[in-house]
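Examining the three-dimensional arrangement
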Amino acid sequence: MTENLTFAYYPGCSATSTNRAYDVSTRNVAKVLGIGLEELNDWNCCGASAYLSVDEKKAMVFCARNLALAEKEGKDIVAICSGCYVVLRKANQHLAEDPNLAAEINKSLAAGGMSYQNSIKVRHFLDITVHEAGQDAVRDRVTHPLTGLKVAPYYGCMISRPFNEVDDEESPRMMDDLIEWLGATAVLFPLKSKCCGGLMMTTQPPVGQQLTGYILRSAKEAGADCIITACPLCQLNLEAYQDTIGKTLDMDCRIPVLYFTQLMGVAFGLDKSDLALKECITPVETVLSSRGT
Amino acid sequence: MSETQAQKLGMELLEHIRGIPGGRSIDKCIQCGTCTGSCPTSNLMYFSPRQVLAALRAGMLDQVLKSNTPWFCTSCYSCAVRCPAKIPFTDVMYELKRMAVKQGSYPRRDPASAMVRSFSEVVRRYGRNAEAILVGKYYLRTNPLKILGQVPMVIKLLAKRRMAFFPHKIKGIDGLKKMLAAVGGNHEGKP
């Protein structure tokens, strides 16, 4: 890893409330790995897929303000939410490839005293962990190998789609590798990059429950003890609705669902509070007992 | 919308898609149906992804806009990465959503369009999402009685400290509002 690699850390809105555990565990494993994360000062919402569905230019302004803030600090952005990652990454690409758009957006940024020259990159913390910190650094920090723990890596959509630059768009491997580095076993899991339904869980509950339910069932049938994810909305969908889904689809779909950062922290021997494990809705004892403490 | 209006808007939409990165490939669609086969919700759509492009070419924009199709797209990008012609089809769906919102031609009380409109209002006001306010706005737009059904989930999340009631307003909110006002945007005024 490059010495003193420091990024502009972009937690995203959900990590400040519903998915605080993702933020807490990310900051703590980053410290162990020596990855510098400095929270982007006064960041705003990326606009998410929702703003893109309402107004394209204004959605672009939401992204561009964040990109401009990071550029001022001279650091690449690192997001932990796959939604934020894709939306910011997409805006960055459109601004780079369309000079007319860049000029128009810069004109609007100027109204708030800012500008953006397209000099930074947008990355996901999973990509940083696997490709910047890398195998040796991760293996070196494992104090409690998770021997015998079977883990289903759930990638969801937006880590490798539509930009297949960090992993395969259909069959990603980053978390599979990471699981092995932690001493655990990654199960083969056919639905690992199938959509969980996202906001459908709220807007069309029967549809969201079915999409999420199949993923839970696929993971269980693969013999997994737990699922890990790298996206807050996927995590909430997979974890918080298991009772309802179980009743609706008449199946047992109870299984612990953690962030990949929490699982890493468990293997690094971090305290439960450093990983906000108390905020998990599903019981995580199986996962903890695998490290023998 | 009259038929000629619909055709004109349909052509504008296709032209706009041609303007985005990779968008020109839209003219290479051979109706193979890979998009539809890859879509997790196409079985529920009135117009499947493949049919959307055929319908737009046939000048049937109005019917597509009034259908449930744009609002059943979860933006999973499976269609986009599998398309043999490399058509960024997810962006076509976004374009349809924006056009439907602009014209108010989403189904009444449609939940997904209510969600995106509520979300955009919240982030415009605070600069960040505020989940409690978002949920309130959303259910007022769709079915206020259903708020009661959310109580168990709210309690579950509160018990795990996973619910924030008070919004966080960013410090630079005035600057952000000026930037939003300055940009042309697809539609003037309130999006």
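Keep in mind that what you see is a predicted model, and the values were worked out from it rather than measured.

Counting secondary structure elements, chain B contains 11 helices and zero strands. Reading the helices (α) and strands (β) of chain B from amino to carboxyl end gives α-α-α-α-α-α-α-α-α-α-α. Across its three principal directions, the C-alpha atoms of chain B cover 50 × 40 × 35 Å. Across the 191 residues that make up chain B, the buried fraction comes to 55%. Looking at chain B alone, contacts between residues at least 24 apart form 62% of all its contacts between residues at least 6 apart. With the model as given, the accessible surface of chain B reaches about 9200 Å², and the carbon-plus-sulfur share is 56%.

The next subject is the interface of chain A and chain B. Each partner contributes to the interface: chain A provides 65 residues, whereas chain B provides 60 residues. Here chain A packs against chain B, burying approximately 5500 Å² in sum over the two surfaces, 62% of which is carbon and sulfur. Considering only the side of chain A, the residues that lose the most area to chain B are Ser-53, Val-54 and Lys-58 of chain A, jointly responsible for 11% of the buried surface there. Counting the contacts that link chain A with chain B gives five salt bridges. Put simply, Glu-239 of chain A and Arg-162 of chain B hold a salt bridge, and the shortest N to O gap is 3.0 Å. Joining chain A to chain B, the criterion identifies 22 residue pairs in polar contact (both at pLDDT 80 or more). Those elements that provide at least two residues to the side of chain A that touches chain B are α2 (48–52), α3 (56–73), α4 (82–97), α5 (99–110), α8 (200–203), α9 (205–221) and α10 (232–240) of chain A.

So, about the domain arrangement of chain A. All names here are of chain A. Domain annotation of chain A identifies domain 1 (6–124) and domain 2 (140–289). Computed over C-alpha atoms only, the centres of domain 1 and domain 2 are separated by 25 Å. Facing 23 residues of domain 1, the contacting portion of domain 2 comprises 26 residues. Counting each side, the surface lost to burial between domain 1 and domain 2 is near 2200 Å², with a carbon and sulfur contribution of 67%. The largest per-residue losses of area from domain 1 upon contact with domain 2 belong to Tyr-22, Val-29 and Val-32, which jointly make up 24% of the total buried on that side. Taken together, the links from domain 1 to domain 2 amount to two salt bridges.

So, on to the sheet that holds strand β1 (residues 6–10) of chain A. All names here are of chain A. A sheet is described by the order of its strands in space; here four strands give the open sequence β2-β1-β3-β4, paired in parallel fashion. Looking at the sheet topology across the chains shown, the edges are occupied by β2 (36–39) and β4 (122–124). The sheet shows a mean angle of 40 degrees between the axes of neighbouring strands, direction not considered. Sitting on the sheet, helix α6 (residues 125–141) touches β1, β2, β3 (77–79) and β4, and the angle it makes with β4 is about 80 degrees.

Before going further, it helps to examine the layout of surface pockets. By volume, the second largest pocket is sized at about 480 Å³. Elements represented by at least two residues in the lining of the second largest pocket include exactly α4 of chain A together with α5 (78–82) of chain B. Sorting elements by how many residues they give to the lining of the second largest pocket places α4 of chain A first, with three residues. For the lining of the second largest pocket, a count of residues per class yields nine nonpolar, five polar and four charged.

Residue position: Lys-75 of chain A is located in the loop between α3 and β3. When residues no more than four places from it in sequence are discounted, the contact partners of Lys-75 of chain A are Thr-6, Phe-7, Ala-8, Glu-38, Ala-70 and Ile-120 of chain A.

Here we take up empty space enclosed by the protein. Unfilled space is identified by rolling a water-sized probe across the atoms. Tallied over the entire structure, the rule returns three cavities of 30 Å³ or more. What the largest cavity holds in volume is close to 150 Å³. Looking at the largest cavity, it is lined by 16 residues, and the ones nearest its centre are Leu-52, Glu-56, Met-60, Lys-90 and His-94 of chain A. Mapped onto the lining of the largest cavity, the elements with two or more residues apiece are α2, α3 and α4 of chain A together with α6 (89–103) of chain B. A per-class count over the lining of the largest cavity returns 10 nonpolar, two polar and four charged.

Residue and element names in this part refer to chain B. Along the polypeptide, Asn-68 turns up in the loop between α4 (61–66) and α5. Within polar-contact distance, the side chain of Asn-68 engages the backbone nitrogen of Tyr-46 at 3.0 Å. Other than its neighbours up to four places away in sequence, Asn-68 contacts Leu-44, Met-45 and Tyr-46.

Here we take up the domain arrangement of chain B. For chain B, the assigned domains read domain 1 (3–103) and domain 2 (111–182). A straight line from the C-alpha centre of domain 1 of chain B to that of domain 2 of chain B covers 29 Å.

What follows covers the nonpolar core. In terms of nonpolar packing, the biggest core is built from 155 residues, with Phe-125 and Phe-260 of chain A together with Leu-96 of chain B touching the most fellow members. Judged by nonpolar contacts, the second largest core, of 25 residues, contains Tyr-154, Leu-238 and Cys-253 of chain A together with Met-163 of chain B.

Okay, the packing of helix α3 (residues 49–57) of chain B against α6 of chain B next. Between two packed helices, what matters for the description is the angle formed by their axes and the separation of those axes. Residues and elements named next belong to chain B. Running from amino to carboxyl end, α3 crosses α6 at an angle of 65 degrees, the nearest separation of the two axes being 11 Å. The element α3 and its partner α6 pack so that their crossing is left-handed. Where α3 abuts α6, its residues Pro-49, Val-52, Leu-53 and Leu-56 lie against Phe-89, Val-92, Met-93 and Leu-96. Across the contact of α3 with α6, the residue classes tally to eight nonpolar, no polar and no charged.

Conventions and cut-offs
- Residues numbered from 1 in each chain as written.
- Chains lettered and ligands numbered in written order.
- Predicted model: local features only at pLDDT ≥ 70, side-chain atom pairs only at ≥ 80, totals over all residues.
- Heavy atoms only, no water.
- Helix = DSSP H or I, 4+ residues; strand = E, 2+ residues; numbered from the N terminus.
- Buried < 20%, exposed > 50% of the residue type's maximum accessible area, 1.4 Å probe, protein only.
- Contact = heavy atoms within 4.5 Å.
- Areas by Shrake-Rupley, 256 points an atom, 1.4 Å probe, with all protein chains shown as cover.
- Buried area = accessible area lost by both parts, 1.4 Å probe.
- Salt bridge = Lys/Arg side-chain N within 4 Å of Asp/Glu carboxyl O.
- Polar contact = N/O pair within 3.5 Å; in protein donor to acceptor, adjacent residues only side chain to side chain.
- Domains from an automatic or database assignment.
- Pairing = 2+ DSSP bridges.
- Axes fitted to C-alpha atoms, helices over the stretch in contact; angles between N-to-C directions.
- 1 Å grid on protein atoms, 1.4 Å probe; cavity = no way out; pocket = protein on both sides within 12 Å on 5 of 7 lines; lining within 4 Å.
- Points joined across faces, edges and corners; volume = space filled by probe spheres on them.
- Nonpolar A, V, L, I, M, F, W, Y, C, P; charged D, E, K, R; others polar.
- Core = buried A, V, L, I, M, F, W, Y, C linked by side-chain atoms within 4.5 Å.
- Left-handed = near helix turned anticlockwise from the far one by under 90°.

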